[in-house]
Amino acid sequence: SPQPVAAKSTTDDVAARALSAETWRVLQEKGWKYMTGPEPYTMVYVPPDGSTHAGTMLGVHFFHSYHVMHEAIKRGHLSAPSAKPTVGGAPQVDQSQGSENELVDKYSGHQVLWDDTPVNDDKFCGESNLITHETAKFCIRLAVMFMRDDDQSFIGTLFNPLWQRLKGQGQGEATLGLSWRYEAYRNQALLSRNWCFVPPNSDLGAKGEHGIDHYVSEEEVVNCILKEVESVDQVSALYNEHKSCIAKLKAILSHAVDESMEYKDARDGKSTTKRTRRGTPLSEAKAAKPSPAEASSTKKRKSRSTSPKPKSTATPNSSKRRKKEESNVSPSFHISQSQRVVAPSFSKKNLTPAKTNPNLPLGGFVFFSSGIDVKHNIERRINRLGGEVVTTYDLKTKNKAGNLFFLSDYKHWRKLKYVCAAALGVPMLHYNWLGGIEAEFKCSGTAKPFSSELYGRYRLPIGLDHSTGVFVLQRASHARLSLRPGFEGEGKGEPIFEGMTIALALENTNATSDWRNALTACGASVVALSDIRKGKSQVEVDVCLFNSVCLPPHVTSAPLEVSQLLRLISDDVPRLDLAWAHQCIVQRKRLPLSGDARYAISLSGITGCTCKVYSMKSKCGTKGTEERRFEVGDLVQFSRGSSRFTTMGRIHSIDWFNGNENRLEIQILENDKDYELIDCPSSTKVTVNESDLTGNIVMLSSKEFPRLAYTPKNAGQASDIWLRVKPQNQSQF
């Protein structure tokens, strides 16, 4: 068993709280374990119903030391604490805190007050995705203490502890992408500074835009963080409690940043001509460029005010040696010396939007996306590289020159924009492809959007093919020429719905508009209720498409738009679910209009309390934020009852129950090793409740899985994308 856990000796783990030996013995008696976690985690704490196998998650199945106390109290394994954990030793009881029962965390020689409410340190909060909830709370406490201590040591008391917290965001796990970092800064005008501060949402770093991609002074960093803290709703009460104190600090920092001054000079009200730091303030840098005579005069005045430099005795070899030594100096050295620099000025030329420059890697290319978290700043990054971002409704005018790209994540393959991209045949790429373009451009100065190497690693699956049972990836030959489904080779063939008239009987105009785009791209003539209200009493169409989960038995009665359209459609017209059209797009061929019960729609009344259905909508597996569609044949993961263990399988059937949750029969996909799932037609089937579902998974063939950059590479790494293997007595797909 582990020894009493002390905080890490490094200052990266700001929020570490020690567990006493006595507390740990109590937790062991309750069934807690201390064991090796999945990659990239090392040693973690596992509750009695937890686990560390592939697919498990931090904060659900296992915990870091600083979350154990709260989780144990929540589970009833410990009583509410009346102790103050300290870094480096066991907690000491202190009854002086009264009912608030605050915890004291010692950090870099300073006491920071924390309440016992758990805070989130594994995702961003605020407007600009710069800090986590825990960082926001830490910053407020730190700023208040700094101002109460007469704000004498800006670097030691305020900046250094805050910087260590910024570097430790996300528990210091680099894979989470939440940590701030140092980066070499080789600007000739800033010889006194070799490093800059780079926020987690910056991909260009020191080569990007000052004030967004990097910051060059400690005052800029603290000022930026305080502005971000103000936008964090989770700490608004704490912020408002100390608003006047923080406002005073922000006013001094804003003045220091604008005038390129040290904090103490701005605080003491020194003029810009007598400040400690030399250089041109930002407010002056933004002004018009001085004349040559004025520039020369200014240069002379500066040279007279600069202290004399010692004579240089450097030889070529010593110069090289000095540069090498300088490159090996850690960023902490530069920070500890409290070096100050002048922020570079910006001209109107430099502020011209990147997308106007056709010489950049993405110049002339157009992008649309779906389901990407705002923290990735996709639109801004694309614009900087010369590209343009549009919405789905702009596609008809933007795709004439074959310059359209789609960025998303494989999890969103049923979203309408994703379906529309597959129908258009445009290159469909994982959003991390953009990082590859940025890295290539940063290293070599050039990058090709149609690079076969990058495309091969980041191409997305079109969707789940019901005929094979696996997800199929887009072919490079199709993407390069933007070949829509039905076209092959050098554009031979025709769109899969060419010559068809398809009626859409959907629940709202937005869904109708999006599906119209996809079906029209595949050659169909699409009609809806709004198109035929002024026409004949009946309309001749080849097929009428419905959204089955918006029809009985899932709802009491069909939507009004659907009922009105049905009066205008002949009774002998095939009535199919949208899944039929989606599968046609995925398989790139027109499927028969009859013969497959999973696509057929029946509007006859449901008798009895239960019936078989082929699709359903559920909030299960989405943390209750939105409904997700599940169909027979889908690949899912689930955990039954109170078990925390996750099992993978394929939906074999769905039973709808009136007034109760649905039940699903799922055929188990056994986990062989690492990320392999054995797909055997004769494997065990189990019945689970709708609430047991935890989400969808993606399964790829053995040919495609190892080629992709976004598939898991290390055993034990949590993932929802798997490699399909067949039993030894069956052939591989």
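Rules used throughout
- Residues numbered from 1 in each chain as written.
- Predicted model: local features only at pLDDT ≥ 70, side-chain atom pairs only at ≥ 80, totals over all residues.
- Heavy atoms only, no water.
- Helix = DSSP H or I, 4+ residues; strand = E, 2+ residues; numbered from the N terminus.
- Buried < 20%, exposed > 50% of the residue type's maximum accessible area, 1.4 Å probe, protein only.
- Contact = heavy atoms within 4.5 Å.
- Areas by Shrake-Rupley, 256 points an atom, 1.4 Å probe, with all protein chains shown as cover.
- Core = buried A, V, L, I, M, F, W, Y, C linked by side-chain atoms within 4.5 Å.
- Pairing = 2+ DSSP bridges.
- Axes fitted to C-alpha atoms, helices over the stretch in contact; angles between N-to-C directions.
- Salt bridge = Lys/Arg side-chain N within 4 Å of Asp/Glu carboxyl O.
- Phe/Tyr/Trp six-rings, centres within 6.5 Å; stacked < 30°, edge-to-face > 60°.
- Parallel < 35°, antiparallel > 145°, perpendicular 65-115°, else oblique.
- Left-handed = near helix turned anticlockwise from the far one by under 90°.
- Nonpolar A, V, L, I, M, F, W, Y, C, P; charged D, E, K, R; others polar.
- Disulfide = S-S within 2.5 Å.
- pLDDT = per-residue confidence, 0-100.
- Expected span 1.5 Å × (residues − 1).
- Bend = angle between axes of the 7 residues up to and from the residue.

Peer 1: Can you tell me about the overall build of the protein, naming the residues and giving the values?
Peer 2: Within the protein, the regular secondary structure consists of 22 helices and 33 strands. Counting across all 733 residues of the protein, residues that qualify as buried make up 50%. Residue pairs in contact within the protein that sit at least 24 positions apart in sequence constitute 60% of those at least 6 positions apart. Of the accessible surface of the protein, which amounts to about 36,000 Å², a share of 49% is contributed by carbon and sulfur atoms.

Peer 1: Talk me through the nonpolar core; I want residue IDs and the actual numbers.
Peer 2: The biggest cluster of nonpolar side chains holds 64 residues, and the ones touching the most others in it are Phe 497, Trp 515, Leu 519, Leu 545 and Trp 580. Other than its neighbours up to four places away in sequence, Trp 515 contacts Leu 416, Val 419, Leu 504, Leu 506, Leu 578, Ala 581 and His 582. Formed by 41 residues, the second largest nonpolar core is a distinct cluster that contains Ala 136, Val 221, Leu 226 and Tyr 239.

Peer 1: Lay out the sheet that holds strand β21 (residues 543-546) with the relevant residues and their values.
Peer 2: Taken in spatial order, the 4 strands of this open sheet run β20-β19-β21-β22, and their pairing is parallel. Each edge of the open sheet carries a strand with a single partner, namely β20 (525-527) and β22 (575-577). Sheet twist, expressed as the mean angle between neighbouring strand axes with direction ignored, is 35°. Against the sheet, helix α19 (residues 509-521) touches β19 (501-505), β20 and β21, its axis set at about 160° to β19.

Peer 1: Which residues make up the pattern of salt bridges, and what are the values?
Peer 2: All chains considered together, the criterion is met by 23 salt bridges. A salt bridge links Glu 183 to Lys 442, with the shortest nitrogen-to-oxygen separation between them at 3.5 Å. Of the two residues, Glu 183 is situated in strand β9 (residues 181-184) and Lys 442 in helix α16 (residues 433-444); the sequence distance between them amounts to 259 residues. The class of Glu 183 is buried, set by a relative accessible area of 15%. As a salt-bridge pair, Asp 268 and Arg 267 come within 3.0 Å of each other at their nearest N and O atoms. When salt bridges with common partners are traced through the structure, they connect Arg 414, Asp 577, Arg 629, Glu 631 and Asp 634 into a single cluster.

Peer 1: I'd like a rundown of the packing of aromatic side chains, residues and numbers included.
Peer 2: Tallied over the entire structure, the rule returns 26 aromatic pairs. Summarising the aromatic geometry, the rings of Trp 32 and Phe 63 are spaced 6.2 Å apart at their centres and angled 45° between planes, so their arrangement reads as tilted. Of this pair, Trp 32 sits in the loop between α1 (21-29) and β1 (33-36) while Phe 63 is found in the loop between β2 (43-46) and α2 (65-75), placing the two residues 31 residues apart along the sequence. In this structure, Trp 32 and Phe 63 share a single accessibility class: buried. Considering the side-chain rings of Tyr 410 and Tyr 710, the 5.5 Å spacing of their centres and the 20° angle between planes classify their relative orientation as stacked. Of this pair, Tyr 410 sits in the loop between β13 (404-408) and α15 (416-424) while Tyr 710 sits in the loop between β32 (698-700) and β33 (721-725), and the two are 300 residues apart along the sequence. Judged by relative accessible area, Tyr 710 falls into the buried class, the value being 12%.

Peer 1: A description of the environment of Asn 383 should follow, citing residues and the corresponding values.
Peer 2: One can find Asn 383 in helix α13 (residues 378-384). Each C-alpha atom of the pair Asn 383 and Leu 360 lies 9.8 Å from the other, and the pair is 23 residues apart in sequence.

Peer 1: Would you mind going over the sheet that holds strand β14 (residues 428-430) in detail, with residue names and values included?
Peer 2: Think of a sheet as strands paired side by side through backbone hydrogen bonds, with each pair either parallel or antiparallel. In space, the 4 strands of this open sheet follow the order β12-β11-β13-β14, with parallel pairing throughout. The open sheet is flanked by β12 (388-389) and β14, the only strands paired with a single partner. Sheet topology places strand β11 (residues 366-369) next to β13; 4 bridges connect them, and they run parallel. When the bridges of β13 are listed, Ser 369 appears paired with Leu 407. Along the sheet, α15 makes contact with β11, β13 and β14, crossing β13 at roughly 145°. Taken strand by strand, α16 contacts β11, β13 and β14, and its axis lies near 80° from that of β14.

Peer 1: Before we move on, could you go through unusual backbone geometry and cite the residues and values that matter?
Peer 2: With omega at 10°, the peptide bond leading from Pro 552 into Pro 553 counts as cis. Along the chain, the position of Pro 553 falls in the loop between β21 and α21 (560-566). Phi angles above zero are rare outside glycine, and Asn 129 is one such case at about 55°. With respect to the secondary-structure elements, Asn 129 resides in the loop between β7 (124-125) and β8 (131-132). Using a relative accessible area of 9% as the deciding quantity, one classes Asn 129 as buried. The phi angle at Ser 482 is positive, at roughly 50°, despite the residue not being glycine. Within the element layout of this structure, Ser 482 appears in the loop between α18 (476-480) and β17 (487-488).

Peer 1: Would you mind going over the packing of helix α5 (residues 218-229) against helix α7 (residues 243-258) in detail, with residue names and values included?
Peer 2: Where α5 meets α7, the axes come as close as 9 Å, and the angle between the chain directions of the two elements is 140°. By the angle between their directions, the pair α5 and α7 is classed as oblique. The crossing of α5 and α7 is left-handed. Counting all contacts with α5, which are made through Glu 219, Glu 220, Val 222, Asn 223 and Leu 226, the residues of α7 involved are Ile 246, Leu 249, Lys 250, Leu 253, Ser 254, Ala 256 and Val 257. Looking at the contact of α5 with α7 residue by residue, the classes come out as 7 nonpolar, 2 polar and 3 charged.

Peer 1: Kindly report on α15, identifying the contributing residues and their values.
Peer 2: Extensive coverage of α15 is indicated by the burial of 7 of its 9 residues. Residues of α15 that are buried: Tyr 418, Val 419, Cys 420, Ala 421, Ala 422, Ala 423 and Leu 424. Following α15 by one or two positions, Gly 425 has its phi on the positive side, about 75°.

Peer 1: Hey, could you go over the packing of helix α3 (residues 133-148) against α7 for me, with residue numbers and the actual values?
Peer 2: Contact pair α3 / α7: the axes reach a minimum separation of 10 Å and the direction vectors enclose 80°. The angle between α3 and α7 falls in the class roughly perpendicular. Contacts between α3 and α7 involve Ile 140, Ala 143, Val 144, Phe 146 and Met 147 from the first element and Cys 245, Ile 246, Lys 248 and Leu 249 from the second.

Peer 1: An account of the side chain of Gln 169 is needed here, citing residue identities and associated values.
Peer 2: Structurally, Gln 169 is set in the loop between α4 (154-167) and β9. For Gln 169, a relative accessible area of 0% gives the class buried.

Peer 1: Tell me about the side chain of Asn 223, and please be specific about residues and values.
Peer 2: Tracing the backbone through its elements, the reader meets Asn 223 in helix α5. Residues within four places of Asn 223 in sequence aside, it is in contact with Lys 250, Leu 253, Ser 254 and Val 257.

Peer 1: A description of the state of the cysteines should follow, citing residues and the corresponding values.
Peer 2: Across all of its chains, the model carries 0 disulfides by this definition. With no disulfide partner, Cys 584 has as its closest neighbouring cysteine sulfur the one in Cys 522, 8.6 Å distant.

Peer 1: Give a description of the environment of Ser 525 that names residues and reports values.
Peer 2: For Ser 525, the location among the structural elements is in strand β20. Discounting residues that sit within four places of it in the chain, Ser 525 has contacts with Met 500, Thr 501 and Ile 502.

Peer 1: How would you sum up the confidence of the model for the protein? Please name residues and give values.
Peer 2: Summary statistics for the protein give a mean pLDDT of 75 and a share of 71% for residues scoring 70 or more. At the level of individual helices and strands, the protein shows its lowest average pLDDT in strand β5 (residues 103-107), which scores 32, and its highest in helix α22 (residues 578-587), which scores 96. The low-confidence segment residues 81-116, where pLDDT is below 50, has 80 contacts with residues more than four positions distant or belonging to other chains. Here residues 277-356 is modelled with pLDDT under 50, and outside its nearest four sequence neighbours on either side it reaches 87 contacts, counting other chains as well.

Peer 1: Just give me the short version of α4, but keep the residues and values in it.
Peer 2: Taking 1.5 Å of rise per residue, the 14 residues of α4 would be expected to cover 20 Å, and the 18 Å separating its terminal C-alpha atoms lies within 8% of that figure. Along α4, the largest kink reaches about 30° and is centred on Asn 160; proline Pro 161 follows within four residues of it. In terms of burial, α4 is largely enclosed, as 11 of its 14 residues are buried. Within the sequence span of α4, burial applies to Phe 154, Ile 155, Thr 157, Leu 158, Phe 159, Pro 161, Leu 162, Trp 163, Gln 164, Arg 165 and Leu 166.

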